[in-house]
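Examination of the molecular architecture
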Amino acid sequence: MRRAPSLLLFIRLLLGSVFVVSGFQKLWAPAANFTAVIEKFEILRGVPAAALAQTLPWAEFVAGVFLILGLRTRGALVVLWAMNTVFVGILISALWRKLPLEQCGCFGEAITLSLPQTLALDLILWGLFLVYFLAANRVTVPSLDAVIEPHA
């Protein structure tokens, strides 16, 4: 059990880093690029797709930074785990419908993963979120939350 805080800290940092990189890569590129990616999944089009392309990268980036810092950790985890769950559903839907997508666009143009590779990654991340949620209630993990509210 002595290694549990370190392992959970590593998981938290890994999860946060994935979403910081993902959000940053999409923020760095023109929003029109991500809008086009969203529309290729044939779930949203037009203004809703454009609005999502403008907001999702910021949500990923900010929640990822909060998770890395351990600031409002529970809220950041909930936001990112919910997004991850939606991403899993969208990927399964795209694969089920056999959409002709070569990649997901999850990391902008920096990292290219096929849909099955992305689904595997997202399922691994989903499992890490689950492990963190289940274990973090029993183990104290170093965070800014613990410094700001030491008895919470």
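As a starting point, this report considers the structure included with it. No experiment lies behind these values; they were computed from the predicted model shown. (Residues numbered from 1 in each chain as written. Predicted model: local features only at pLDDT ≥ 70, side-chain atom pairs only at ≥ 80, totals over all residues. Heavy atoms only, no water.)

1. Quick look at the state of the cysteines
Enumeration over the complete set of coordinates arrives at one disulfide. Residue pairing for Cys 104: its cysteine sulfur links by disulfide to Cys 106, the two sulfurs lying 2.2 Å apart. (Disulfide = S-S within 2.5 Å.)

2. Quick word on the side chain of Lys 26
Assignment of secondary structure puts Lys 26 in helix α1 (residues 4-28). In this structure Lys 26 comes out as buried when scored by relative accessible area, which is 7%. Those residues in contact with Lys 26 that lie beyond four places of it in its chain are Phe 34, Pro 57, Glu 60, Gly 105, Cys 106 and Gly 108. (Helix = DSSP H or I, 4+ residues; strand = E, 2+ residues; numbered from the N terminus. Buried < 20%, exposed > 50% of the residue type's maximum accessible area, 1.4 Å probe, protein only. Contact = heavy atoms within 4.5 Å.)

3. Describing the environment of Leu 125
On the secondary structure map, Leu 125 appears in helix α5 (residues 115-136). A relative accessible area of 3% places Leu 125 in the buried class. Sequence separation between Leu 125 and Ser 22 is 103 residues; the distance between their C-alpha atoms is 13 Å.

4. Here's the deal with the environment of Asp 122
For Asp 122, the position within the fold is in helix α5. Its relative accessible area of 6% is what places Asp 122 among the buried residues. Sequence separation of Asp 122 and Ile 11 is 111 residues, and the distance between their C-alpha atoms is 14 Å. Residues in contact with Asp 122, not counting those within four places in the same chain, are Asn 84, Phe 87, Val 88 and Leu 91.

5. Re unusual backbone geometry
The general pattern is negative phi for most residues beyond glycine and trans for most peptide bonds. Of note in the backbone geometry, Glu 42 takes a positive phi value of approximately 55° without being a glycine. For Glu 42, the position within the fold is in the loop between α2 (31-40) and α3 (46-69). Residue Arg 72 is not a glycine yet carries a positive backbone phi of 50°. Tracing the backbone through its elements, the reader meets Arg 72 in the loop between α3 and α4 (73-96).

6. Overview of the side chain of Arg 12
Position of Arg 12 among the secondary structure elements: in helix α1. Although Arg 12 is buried, it makes no salt bridge; Asp 145 carries the closest opposite charge, 6.9 Å away. When residues no more than four places from it in sequence are discounted, the contact partners of Arg 12 are Leu 67, Ile 68, Leu 69, Gly 70, Thr 73, Tyr 132, Val 141, Pro 142 and Ser 143. (Lys, Arg positive; Asp, Glu negative; His and termini not counted. Salt bridge = Lys/Arg side-chain N within 4 Å of Asp/Glu carboxyl O.)

7. Considerations on α5
Given a rise of 1.5 Å per residue, 22 residues ought to cover 32 Å, and the 31 Å separating the end C-alpha atoms of α5 matches this to within 8%. On its buried side, α5 packs onto α1 and α4. (Expected span 1.5 Å × (residues − 1).)

8. Here's the deal with the packing of α3 against α4
The geometry of α3 relative to α4 is characterised by a closest axis approach of 9 Å and an angle of 135° between their N-to-C directions. Taken together, the axis directions place α3 and α4 in an arrangement best described as oblique. Every pair of crossing elements has a handedness; the one defined by α3 and α4 is left-handed. Contact residues: Leu 56, Ala 59, Glu 60, Ala 63, Gly 64, Phe 66 and Leu 67 in α3; Thr 73, Ala 76, Leu 77, Val 79, Leu 80, Met 83 and Phe 87 in α4. Considered class by class, the residues forming the contact of α3 with α4 number eleven nonpolar, two polar and one charged. (Axes fitted to C-alpha atoms, helices over the stretch in contact; angles between N-to-C directions. Parallel < 35°, antiparallel > 145°, perpendicular 65-115°, else oblique. Left-handed = near helix turned anticlockwise from the far one by under 90°. Nonpolar A, V, L, I, M, F, W, Y, C, P; charged D, E, K, R; others polar.)

None of this, on its own, says anything about what the molecule does.
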